[in-house]
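Observations on chain architecture
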Amino acid sequence: MDFFQAFWLAVIQGFTEFLPVSSSGHLALIPSVFGWTDQGLAFDVAVHVGTLLAVLIYFRQDLSLILRDWVVSVTGGDSTVYSKLAWAIALASVPVGVVGLFFEPVVSGIFRSPVLIAFATIGFGVVLWLTDWLGKRQRDIREMSWKDVLVISLAQVLALIPGTSRSGVTISAGLAMGLTRQAAARFSFLLAIPVIF
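Cut-offs and rules
- The numbering scheme is per chain: residues are counted from 1 as the chain's sequence reads.
- Totals for whole chains, interfaces and linings use all residues, but because this is a predicted model, local features are given only for residues with pLDDT of at least 70 and pairs of side-chain atoms are given and counted only at 80 or more.
- Calculated side-chain values reflect all of the structure's heavy atoms, with hydrogen atoms and water omitted.
- Secondary structure elements are taken from DSSP: a helix is a run of H or I of four residues or more, a strand is a run of E of two residues or more, and numbering for both begins at the N terminus.
- Our radius of gyration is a C-alpha quantity, and the globule rule it is checked against amounts to 2.2 Å times the number of residues to the power 0.38.
- Exposure classes here rest on a 1.4 Å probe applied to the protein chains alone. A residue is buried below 20% of its type maximum, exposed above 50%, and partly exposed in between.
- Residues are treated as being in contact if the distance between any of their heavy atoms lies within 4.5 Å.
- For each structure, a 1 Å grid was placed over the protein atoms alone; sets of points admitting a 1.4 Å probe that cannot get out are labelled cavities, open sets with protein on both sides within 12 Å along at least five of seven lines are labelled pockets, and lining residues have an atom within 4 Å of a point.
- Grid points are joined across faces, edges and corners, and a volume is the space filled by probe spheres set on the points.
- Ring pairs shown here join Phe, Tyr and Trp side chains whose ring centres sit within 6.5 Å, with only the six-membered ring taken for Trp; geometry is labelled stacked below 30 degrees between planes, edge-to-face above 60, and tilted in between.
- To sit over a ring, a charge needs its Lys NZ or Arg CZ within 6 Å of the ring centre and within 35 degrees of the ring normal.
- For this analysis, a nonpolar core means a set of buried residues of the types Ala, Val, Leu, Ile, Met, Phe, Trp, Tyr and Cys, connected via side-chain atoms within 4.5 Å.
- By definition, no residue in a patch forms a salt bridge, and every one has over 30% relative accessible area; like charges are joined within 9 Å, nonpolar side chains (Val, Leu, Ile, Met, Phe, Trp, Tyr) within 5 Å.
- Residue burial considers only the protein chains on display, and all accessible areas are found by Shrake-Rupley using a 1.4 Å probe.
- Salt bridges, as used here, are contacts in which a Lys or Arg side-chain nitrogen is within 4 Å of a carboxyl oxygen on Asp or Glu.

**Observations concerning the overall build of the chain**
When helices and strands are tallied, the chain shows nine helices and zero strands. Ordering the α and β elements of the chain from the N terminus gives α-α-α-α-α-α-α-α-α. A compact globule built from 197 residues would reach a C-alpha radius of gyration of about 16 Å, and the chain, at 17 Å, matches this within 12%. Projected onto its principal axes, the C-alpha coordinates of the chain cover approximately 55 × 35 × 30 Å. Within the chain, the fraction of its 197 residues that count as buried is 41%. Here the analysis covers contacts within the chain between residues at least 6 apart in sequence; of these, 71% occur between residues at least 24 apart.

Okay, here's the thing in structure tokens:
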């Protein structure tokens, strides 16, 4: 892979990560379209560092409150909205971490097929549209239940398939559970932090 390819793949990552489309799918699909050598999963992970920095900067105030209240709750203090959110993020990160650890060879191999990526992109685009259309959108992030967290965490596992947007599938799950668009998106982006780490 040369500098030209690395540059354009980084630009594509930057443009697609915060949209409910799969940045990883685009990173795997673009080389196929242009006849480039597949850069591999390691490069894809590396360009996500920029995404991580953007999320950390944007949510810096929330993250300081989440971290502060989580420490207080661990040391026996009162539970707050922010400490509950910290535990929700931690617990929702477990399924994708476990599945990713044990199935990495499959994810980095057969799942990078352009045909699979195309079908996943279309299929989960339809899922996002349906959940946005049919979702009740009534509850705020403060009203998230542990059932919501479980459903969103299991949905996030699907994002290991290139072509499946991590933000799109977790937002879809949140909308399906009755969260507002803002609540579903906010939790989805906070949930990106441990996944990218």
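**Overview of the layout of surface pockets**
Roughly 230 Å³ of volume is contained in the second largest pocket. Leu 63, Ile 66, Leu 67, Trp 70, Ala 86, Trp 87, Ile 89, Ala 90, Leu 190, Ile 193, Pro 194 and Phe 197 together form the lining of the second largest pocket. Counting only elements with at least two residues in the lining of the second largest pocket, the list comes to helix H4 (60-74), helix H5 (81-108) and helix H9 (181-196).

**Things to note about the packing of aromatic side chains**
Under the criterion given, the structure shown has eight aromatic pairs. Plain terms: the ring middles of Phe 34 and Trp 36 are 5.4 Å apart, the flat faces sit at 25 degrees to each other, and that makes the pair stacked. According to the relative accessible area criterion, Trp 36 is partly exposed, its value standing at 22%. Aromatic pair Trp 129 and Trp 133: ring centres 5.3 Å apart, planes at 15 degrees, arrangement stacked. In this pair, Trp 129 and Trp 133 are both assigned in helix H6 (residues 114-134), four residues apart and thus about one turn of the helix distant. By relative accessible area, which is 53% here, Trp 129 ends up exposed. Among the residues examined, Trp 133 registers a relative accessible area of 58% and is labelled exposed. Among the aromatic side chains, those forming a connected cluster through ring pairs are Phe 3, Phe 4, Phe 7, Trp 8, Phe 34 and Trp 36. Taking the ring centre of Trp 146 as reference, the NZ or CZ of Lys 84 above it sits at 5.9 Å.

**Thoughts on the nonpolar core**
Ranked by size, the top nonpolar core spans 30 residues in total, and within it Leu 85, Ile 89, Met 144, Phe 187 and Leu 190 carry the most contacts. When contributions to this core are tallied by element, the ones reaching two or more residues are helix H3 (40-58), H5, helix H7 (146-157), helix H8 (166-176) and H9. For Phe 187, the contacting residues outside a window of four places in its chain are Leu 85, Ala 88, Ile 89, Ala 92, Ile 141, Met 144 and Ile 152. Core analysis: the next-biggest nonpolar cluster, separate from the first, contains seven residues, Ala 6, Leu 9, Ile 12 and Phe 43 among them.

**Regarding a nonpolar patch on the surface**
On the surface, Leu 67, Trp 70, Val 71, Val 74, Trp 87, Leu 91 and Trp 146 cluster together into a nonpolar patch covering about 670 Å² of accessible area. Taken together, the elements giving at least two residues each to the nonpolar patch come down to H4 and H5. Among the elements that make up the nonpolar patch, the one with the highest residue count is H4 (four residues). Relative to the helices and strands, Leu 67 is located in helix H4.

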